[in-house]
Amino acid sequence: IDKNETTDNNYLIDYQKSSISHRDGKYHAKLPWKDEHDTLPTNETVARRRTLSVINRLRKDPDALQMYGDIIADQERRGFIEKVENREINETIVHYIPHHPVKKDSTTTPIRIVFDCSCKAYPEAPSLNDCLNETPPSLNEITSILLRFRSQRYACTTDIEKAFLNIGLEDEDRDATRFFWLSDPTDPGSALETYRFKSILFGATCSPFILNATILKHLN
């Protein structure tokens, strides 16, 4: 067995025990912070500036602006994100993440919101991704998968809808995932409001590992 594979497997087991819990019918996970990472800046200024830039681009296409706002509203309604009512900074890490639209070749979801967890306040500063462990997810062997396809008459595959978002993010890490959006999505000139994730976000370098670790813990 490869030494790196053994190390990764030990880290996976430790992470499952210490950082993944199940309560109220849902799994919750902590972000896998590096033991000694550089101080993470808030990125508030750059996140605010880039959010305003996105709004200025979207306001030229009212339909796209409404769709963008609808996605954020739907995520809040489904409990994936929440408004930050109290902006006081406690002892937790506070960090803001810029986001932007990516067009998809789809009739149902032509726009996807991408969160830039690699954003740096300045060239020498760490990003959120720089402060998180990048342990690769544990994958099935392709040979085993192909052999199973030959053992039965039918084969099927499935997909978990919004898999990352269906894993809760522990309270202590939520302020590291703050972002801005319009207080009134129908008015591009309205004030910005602060949100944060209540779930694992798409865009963090560790999200595939967290998802994989949670699924394996559930199956076990």
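Refer to the structure presented above.
Now for a look at the structure at hand. (Residues numbered from 1 in each chain as written. Predicted model: local features only at pLDDT ≥ 70, side-chain atom pairs only at ≥ 80, totals over all residues. Heavy atoms only, no water.)

## Quick notes on the overall build of the protein
Here comes step 1: Looking only at helices and strands, one finds 6 helices and 8 strands in the protein.
Here comes step 2: When its helices and strands are written in sequence order, the protein yields α-β-β-α-α-β-β-β-α-β-α-β-β-α.
Here comes step 3: The dimensions of the protein, computed from C-alpha atoms along their principal axes, are 60 × 45 × 35 Å.
Here comes step 4: Counting across all 220 residues of the protein, residues that qualify as buried make up 39%.
Here comes step 5: Contacts spanning at least 24 positions in sequence make up 73% of the contacts within the protein whose residues lie at least 6 apart.
Here comes step 6: Of the accessible surface of the protein, which amounts to about 13,600 Å², a share of 48% is contributed by carbon and sulfur atoms.
Here comes step 7: With 29 positive and 34 negative side-chain charges, the protein shows a separation of 5 Å between the mean positions of the two kinds. (Helix = DSSP H or I, 4+ residues; strand = E, 2+ residues; numbered from the N terminus. Buried < 20%, exposed > 50% of the residue type's maximum accessible area, 1.4 Å probe, protein only. Contact = heavy atoms within 4.5 Å. Areas by Shrake-Rupley, 256 points an atom, 1.4 Å probe, with all protein chains shown as cover. Lys, Arg positive; Asp, Glu negative; His and termini not counted. Charge placed at Lys NZ, Arg CZ, Asp CG, Glu CD.)

## Considering the pairing of strand β5 (residues 111-115)
Working note: regular strand, side chains alternate between the two faces of the sheet.
Here comes step 1: Of all the 5 residues making up β5, 4 are buried; the element is thus mostly covered by neighbouring parts of the structure.
Here comes step 2: Pairing of strand β4 (residues 99-103) with β5 involves 5 bridges; the strand directions are antiparallel. The partner of H99 across the bridge, within β5, is F115. (Pairing = 2+ DSSP bridges.)

## Points about the side chain of E170
Here comes step 1: Of note, E170 is situated in the loop between β6 (168-169) and α5 (171-174).
Here comes step 2: Contact partners of E170, with chain neighbours within four places excluded, come to S21, R23, H28, A29 and K30.

## Quick look at unusual backbone geometry
Here comes step 1: Even without a glycine there, the phi angle at D24 is positive, about 55°.
Here comes step 2: If you trace the backbone, D24 turns up in the loop between β1 (20-23) and β2 (26-29).
Here comes step 3: The exposed category is assigned to D24, whose relative accessible area is 78%.
Here comes step 4: Phi is positive for N43, which is not a glycine, with a value near 60°.
Here comes step 5: Locating N43 in the fold gives a position in the loop between β2 and α2 (44-58).

## Notes on helix α3 (residues 62-77)
Here comes step 1: Along its 16 residues, α3 runs 22 Å from first to last C-alpha, staying within 8% of the 22 Å computed at 1.5 Å per residue.
Here comes step 2: Those residues of α3 lying buried are A64, L65, Y68, G69, I72 and Q75. Viewed along the axis of α3, the buried residues span an arc of 135°, placing them on a single side of the element. Structural note: α3 exposes P62, D63 and R77 on the side pointing more than 90 degrees away from its buried face.
Here comes step 3: Contact partners of the buried residues in α3: α2, β3 (81-83), β4, β5, β7 (178-182) and β8 (192-197).
Here comes step 4: G79, located one to two residues past α3, shows a positive phi value of around 80°. (Expected span 1.5 Å × (residues − 1). Arc of directions from axis to C-beta.)

## Some points on the environment of N56
Here comes step 1: Topologically, N56 is positioned in helix α2.
Here comes step 2: The spatial distance from the C-alpha of N56 to the C-alpha of P188 is 7.7 Å, given a sequence separation of 132 residues.

## Section: a nonpolar patch on the surface
Here comes step 1: Taken together, the side chains of I160, I215 and L219 define a hydrophobic patch exposed on the protein surface, amounting to about 290 Å² of accessible area.
Here comes step 2: Tracing the sequence through the fold places I160 in the loop between α4 (142-151) and β6.
Here comes step 3: Taking the relative accessible area as the measure of exposure, I160 reaches 47% and is therefore partly exposed. (Patch = residues over 30% accessible without salt bridge, like charges linked within 9 Å, V, L, I, M, F, W, Y side chains within 5 Å. Salt bridge = Lys/Arg side-chain N within 4 Å of Asp/Glu carboxyl O.)

## A short note on the sheet that holds β2
Here comes step 1: Strand order in the open sheet made by the 3 strands is β1-β2-β6, with mixed pairing throughout. In this open sheet, the two edge strands, each paired with only one partner strand, are β1 and β6.
Here comes step 2: Pairing of β1 with β2 involves 4 bridges; the strand directions are antiparallel. The partner of R23 across the bridge, within β2, is K26.

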